[in-house]
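One letter stands for each residue in the lines below.
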Protein chains: 2
Amino acid sequence: MMKIPAKVLLIPTHDSLPGGFRWSAVKAGIKASGNPDLALAVAPGGANAAVMFTSNQVVAAPITVGREHIAASGGMVRAVLVNSGNANCATGEPGLAACRTSCNAAAAALGCTPQQILPSSTGVIGVPLPAEKLTNALPAALAALGSDAEAAVAFARGIMTTDTRMKTALAMVEMDGKPVRIFGACKGAGMIGPQLGPPHATMLVYLFSDIASCPEALRAALAPAVEASFNSITIDGDTSTNDTVLLLASGTSGVELNEHSFAAFQSALDAVCASLAHQIVDDGEGVTHVVELSVTGARTSAEARQVARAIAHSPLCKTAWSSGDPNWGRILAAAGYSGVQFDPATVSIHIGPYPVFERGVRSPRFDEAATHRHMQQREYTIHFDLGHGTASSRFLTCDLTVEYVHINADYST
Amino acid sequence: MMKIPAKVLLIPTHDSLPGGFRWSAVKAGIKASGNPDLALAVAPGGANAAVMFTSNQVVAAPITVGREHIAASGGMVRAVLVNSGNANCATGEPGLAACRTSCNAAAAALGCTPQQILPSSTGVIGVPLPAEKLTNALPAALAALGSDAEAAVAFARGIMTTDTRMKTALAMVEMDGKPVRIFGACKGAGMIGPQLGPPHATMLVYLFSDIASCPEALRAALAPAVEASFNSITIDGDTSTNDTVLLLASGTSGVELNEHSFAAFQSALDAVCASLAHQIVDDGEGVTHVVELSVTGARTSAEARQVARAIAHSPLCKTAWSSGDPNWGRILAAAGYSGVQFDPATVSIHIGPYPVFERGVRSPRFDEAATHRHMQQREYTIHFDLGHGTASSRFLTCDLTVEYVHINADYST
């Protein structure tokens with residue numbers, strides 16, 4: 001039996017990183033800021049992969065190319081080539097060509113097939129991607145590759161766009177004395193409402209593990225981990241055209257993902273994904289409060305989720321949370337238009353430990369001042385019990401602030 | 001044949017008002033502001049009615065009572081009793097009792113059955129409604145009833161909450177020399193994302209006509225008028241618990257709604273509803289730009305509508321519109337997650353007359369500066385052609401501004 005990780009580490013240290021991977025990031029000149037914008041992760045011995053892409057009907061060139069590559073390579077990945085500052089989306093054939101050109105250049109340098117390169121892009125939509133900037137910067141990115149904490153941090157920083165901070169998480173499990181490690185790095189602060197499909201904002205998530213596994217077993221572990229984490233968060237509900245979650249397994253731990261190790265690995269993977277998903281919401285554009293929605297007492301978990309999503313996306317709820325207004329009427333109304341049938345007479349709502357609505361009416365124990373004080377915390381839970389069944393769902397969302405509007409309305413001619 | 005109305009009048013005049021109705025509004029002391037908060041409309045000879053209520057699963061007491069009354073009276077309405085300042089929603093049995101008490105008092109004073117009174121409430125959710133304030137103010141409301149323009153305006157003002165201006169519209173059609181009139185009054189500025197069901201924000205809409213009609217024919221005219229107007233607008237997408245659209249027909253024109261008059265009456269009703277719906281969005285909380293979404297080239301009108309709704313509710317699109325940012329990538333991405341399948345290669349997007357996206361890529365004719373200038377207008381159209389079919393849909397939405405957040409985050413302990 002593998003030991004379940006006691007905790008998730010947030011910042012990479014040399015001991016915490018999985019074997020079999022090398023990382024780097026350099027400045028290719030795509031970002032106007034001049035910050036690093038080409039991030040590279042290489043598995044010198046190759047890695048088996050499971051990947052989930054956005055369910056948006058409009059997908060960026062790297063999603064189209066990435067799907068082709070994963071299918072053609074049978075889930076074998078040698079390198080991940082990420083540029084930030086340009087989403088390479090809605091760029092037509094030239095966008096696809098730019099993506100293929102950069103994959104070809106990486107493949108040639110690494111001595112693998114182009115299909116073993118997984119490309120990702122994040123940034124502005126609709127602007128042609130200058131492939132030559134990527135190919136010109138590639139030698140420097142290859143030269144900078146390292147397996148230490150600095151290299152891992154450089155990769156995590158190189159994928160950032162409007163993020164205000166790096167997002168990483170690490171977990172370790174042991175099997176028969178052998179450590180298995182998972183290192184995750186991700187980015188995303190706006191256009192976050194991920195709905196990842198079986199092969200999913202612009203949220204980019206890269207999960208590196210040294211477990212040994214076939215792609216099928218990796219997919220079996222990744223799908224539930226994503227459902228409970230990245231598919232259960234929202235910032236603005238705008239599902240991106242570029243969302244990608246990639247899990248890579250280098251095998252260098254010598255531990256095989258099988259029926260004996262699966263539960264422990266799943267638990268570690270879940271913990272890393274949960275931490276990264278939380279970090280994304282916490283760093284959301286303009287966010288001042290992170291709100292966990294716990295919907296219980298539903299007939300099905302799908303219905304619980306539907307209620308949670310409606311509340312999570314309601315502009316009236318989100319603005320009320322920005323000022324700590326215990327306006328449970330807006331929460332109840334949002335649940336009411338979720339499409340799920342329920343009787344308000346069986347509903348109870350708590351904000352943190354404070355009852356606000358019980359069985360059809362404002363709670364007789366409603367303490368507006370205390371509830372308002374509780375809502376001054378950076379993070380708290382709203383518990384919505386439908387009183388109909390036993391199914392439940394958890395969803396992580398945030399407030400809607402003036403700063404969010406400023407960030408996204410910022411436009412200079 | 002009835003003549004189709006040349007235009008819609010916005011402000012009531014004595015000549016433009018339908019016969020068979022009397023209106024008033026008084027101060028009952030529910031609004032903290034001390035503004036009129038009890039509005040009354042009476043049809044002394046009775047009126048046949050068609051009504052559509054919110055599709056929210058959580059409904060206010062007046063919706064529950066109103067449904068009962070319309071069913072019991074066979075669609076016969078003697079009076080509409082509206083209070084603003086309190087939604088009487090999520091108030092349980094006491095809320096239902098308060099609603100019934102005020103209906104009973106109005107019925108006693110008017111000499112009709114309580115079932116012939118249609119109640120409406122709008123305002124804060126979850127606060128008990130003081131029925132005695134309504135019943136105490138009722139004699140004054142009855143004494144103030146009038147059939148002139150001042151009375152109609154008083155009614156329209158009495159139903160306002162966060163509205164910054166009165167919303168009224170009037171149209172007239174003639175049949176065999178006889179005028180048939182429609183007067184509409186409505187309120188609504190926030191929690192606007194109406195989805196009215198067959199018997200729909202808090203949006204309250206009252207339509208008074210002197211045509212003679214059975215309730216069934218009124219319902220046949222009201223449903224399509226509402227679908228193309230109130231069900232095709234959004235401010236924040238938050239569907240209210242109290243939405244009501246009521247169409248009353250007094251019959252005093254002597255013109256019957258039948259197969260000969262239906263098209264012309266429908267046209268006049270459509271025009272009044274379209275004007276009122278536009279006024280609601282134009283007066284939306286914090287709104288600085290009204291955007292008409294015209295989605296064409298869809299397989300079905302339902303799919304066109306689904307695409308329009310996704311764009312209409314996207315926080316990223318709405319914030320971009322607040323600064324006149326011609327960010328078509330956000331528009332395309334929102335359509336992409338609408339759930340409708342399409343190929344971006346067949347899509348074209350225009351902002352006003354300016355092409356921004358054509359067949360998979362940024363338009364070669366994209367003129368960012370000119371498009372940005374066009375978006376400085378208070379109101380403009382975004383045309384999204386899916387390129388797949390012949391069905392279409394129109395939807396009216398607005399920008400998301402710092403002022404919207406301020407209005408809805410405003411909370412003082």
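Worth saying up front: this structure is predicted, and the values here are computed from it rather than measured.

Please set out the overall build of chain A residue by residue, giving values where relevant.
If you tally the helices and strands in chain A, you get eleven helices and 14 strands. A compact globule built from 413 residues would reach a C-alpha radius of gyration of about 22 Å, and chain A, at 22 Å, matches this within 12%. Summarising its shape, the C-alpha atoms of chain A cover approximately 70 × 60 × 35 Å along the three principal directions. Residue burial in chain A is summarised as follows: out of 413 residues, 63% are buried.

For the sheet that holds strand β14 (residues 391–398) of chain A, give the residues involved together with the corresponding values.
Residue and element names in this part refer to chain A. In space, the six strands of this open sheet follow the order β12-β11-β10-β13-β9-β14, with mixed pairing throughout. Across the chains shown, the open sheet's two edge strands, defined by having one partner strand only, are β12 (361–362) and β14. Relative to strand β13 (residues 379–385), strand β10 (residues 348–351) runs antiparallel, the two being bridged by four bridges. Counterpart to H350 in the pairing with β13 is H383.

Please set out the relation of the copies chain B and chain A residue by residue, giving values where relevant.
For the pair chain B and chain A, the relating rotation is 180°, the translation along its axis is 0.0 Å, and the fit reaches an RMSD of 0.0 Å. Within this description, the copies of the chain are treated as partners about a two-fold rotation axis. Among all residues of chain B, the minimum C-alpha distance to the rotation axis is found for V402(B), at 2.5 Å. A symmetric contact is evident, with 98% of the interface residues of chain B recurring at the interface of chain A.

Would you mind going over the domain arrangement of chain A in detail, with residue names and values included?
Size of an interface, as often reported, equals the accessible area lost when the parts are brought together. All names here are of chain A. When cut into domains, chain A gives domain 1 (14–282) and domain 2 (290–409). The distance between the C-alpha centroids of domain 1 and domain 2 comes to 33 Å. Tallying the contact residues gives ten residues for domain 1 and nine residues for domain 2. Classifying every residue of the side of domain 1 that touches domain 2 gives four nonpolar, five polar and one charged.

Residues and numbers for the sheet that holds strand β12 (residues 354–358) of chain B, please.
All names here are of chain B. A sheet is described by the order of its strands in space; here six strands give the open sequence β13-β12-β11-β14-β10-β15, paired in mixed fashion. Each edge of the open sheet is held by one strand with a lone partner, namely β13 (361–362) and β15 (391–398). As paired strands, β12 and β13 are joined by two bridges and run antiparallel to one another. Pairing of E358 across the sheet is with V361, part of β13. The sheet strands contacting helix α7 (residues 301–313) are β10 (290–298), β14 (379–385) and β15, and the helix crosses β15 at an angle near 20°.

For the packing of helix α8 (residues 315–322) of chain A against helix α11 (residues 402–409) of chain B, give the residues involved together with the corresponding values.
Where α8(A) contacts α11(B), the axes come no closer than 8 Å and their chain directions differ by 70°. What the angle tells us is that α8(A) and α11(B) run roughly perpendicular. Taking contact as the criterion, the partners of L316(A), T319(A), A320(A) and S322(A) in α8(A) are, on α11(B), V405(B), N408(B) and A409(B). Grouping the amino acids of the contact of α8(A) with α11(B) by side-chain chemistry returns four nonpolar, three polar and no charged.

Residues and numbers for helix α4 (residues 149–158) of chain B, please.
The element α4(B) is largely enclosed, with a buried count of seven among its ten residues. For α4(B), the full list of buried residues reads A151(B), A152(B), A154(B), F155(B), A156(B), R157(B) and G158(B).

Residue-level account of the interface of chain B and chain A, with values.
Contact residues are listed per partner, giving 53 residues for chain B and 52 residues for chain A. Every element with two or more residues in the side of chain B that touches chain A is listed here: α8 (315–322), α9 (328–336), β13, α10 (368–374) and α11 of chain B. A total of seven residues in the side of chain B that touches chain A trace back to one element, the largest contributor, which is α9(B). For the side of chain B that touches chain A, a count of residues per class yields 24 nonpolar, 24 polar and five charged.

Lay out the pairing of β10(B) with the relevant residues and their values.
Put simply, side chains in a regular strand alternate between the two faces of the sheet. Inspection of the sheet shows β10(B) paired to β14(B) by seven bridges, in the parallel sense. Paired with L293(B) across the strands is I382(B), a residue of β14(B).

How would you summarise the nonpolar core if you had to cite specific residues and measurements?
By size, the foremost hydrophobic cluster in this structure holds 296 residues, and its most contacted members are V272(A) and V272(B). Aside from chain neighbours lying at most four places away, what touches V272(A) is V8(A), A169(A), L170(A), A171(A), I182(A), G184(A) and L207(A).

Kindly report on the packing of α7(B) against α9(B), identifying the contributing residues and their values.
Residue and element names in this part refer to chain B. The interhelical angle for the contact between α7 and α9, taken along N-to-C directions, is 130°, at an axis separation of 8 Å. When the axes of α7 and α9 are compared, the pair comes out oblique. Read as a crossing pair, α7 and α9 show a hand that is right-handed. Residues V307, A310 and I311 of α7 form the contact with α9, whose own contacting residues are I331, A334 and A335. For the contact of α7 with α9, the residue count by class is six nonpolar, no polar and no charged.

Describe helix α5 (residues 215–228) of chain A, listing the residues and the values that go with them.
Given a rise of 1.5 Å per residue, 14 residues ought to cover 20 Å, and the 20 Å separating the end C-alpha atoms of α5(A) matches this to within 8%. On its buried side, α5(A) packs onto β2 (38–53), β8 (244–249) and α6 (262–282) of chain A.

Could you give an account of the pairing of strand β8 (residues 204–209) of chain B, with specific residues and numbers?
Residue and element names in this part refer to chain B. Buried residues dominate β8, accounting for six of its six residues. Taking every second residue as pointing to the same face, both faces of β8 are buried, with L204, Y206 and F208 on one and V205, L207 and S209 on the other. Of the pairings in the sheet, the one linking strand β7 (residues 178–187) to β8 comprises six bridges and is antiparallel in character. Bridge pairing in β8 places A185 opposite Y206. Where the polypeptide runs from β8 across helix α5 (residues 215–228) and back to strand β9 (residues 244–249), its parallel neighbour, the crossover connection is right-handed.

Describe unusual backbone geometry, with residues and values.
All names here are of chain A. Although it is not a glycine, D176 adopts a positive phi angle of roughly 50°. Locating D176 in the fold gives a position in the loop between β5 (167–175) and β6 (178–187). The exposure class assigned to D176 is exposed, which follows from the 10 C-beta atoms found within 10 Å. Positive phi values are uncommon outside glycine, yet R359 reaches one of about 50°.

Describe the environment of A320(B), listing the residues and the values that go with them.
When you line up the elements, A320(B) lands in helix α8. Between the C-alpha atoms of A320(B) and L400(B), which are 80 residues apart in sequence, the distance is 8.3 Å.

Rules used in this analysis
Residues numbered from 1 in each chain as written. Chains lettered and ligands numbered in written order. Predicted model: local features only at pLDDT ≥ 70, side-chain atom pairs only at ≥ 80, totals over all residues. Helix = DSSP H or I, 4+ residues; strand = E, 2+ residues; numbered from the N terminus. Rg over C-alpha atoms; globule rule 2.2 N^0.38 Å. Buried ≥ 20, exposed ≤ 12 C-beta atoms within 10 Å, placed from the backbone. Pairing = 2+ DSSP bridges. Least-squares fit on C-alpha atoms with pLDDT ≥ 70 in both. Contact = placed C-beta atoms within 7 Å. Domains from an automatic or database assignment. Nonpolar A, V, L, I, M, F, W, Y, C, P; charged D, E, K, R; others polar. Axes fitted to C-alpha atoms, helices over the stretch in contact; angles between N-to-C directions. Parallel < 35°, antiparallel > 145°, perpendicular 65-115°, else oblique. Core = buried A, V, L, I, M, F, W, Y, C linked by C-beta atoms within 7 Å. Left-handed = near helix turned anticlockwise from the far one by under 90°. Expected span 1.5 Å × (residues − 1). Right-handed = clockwise from strand over helix to strand, strands pointing away.

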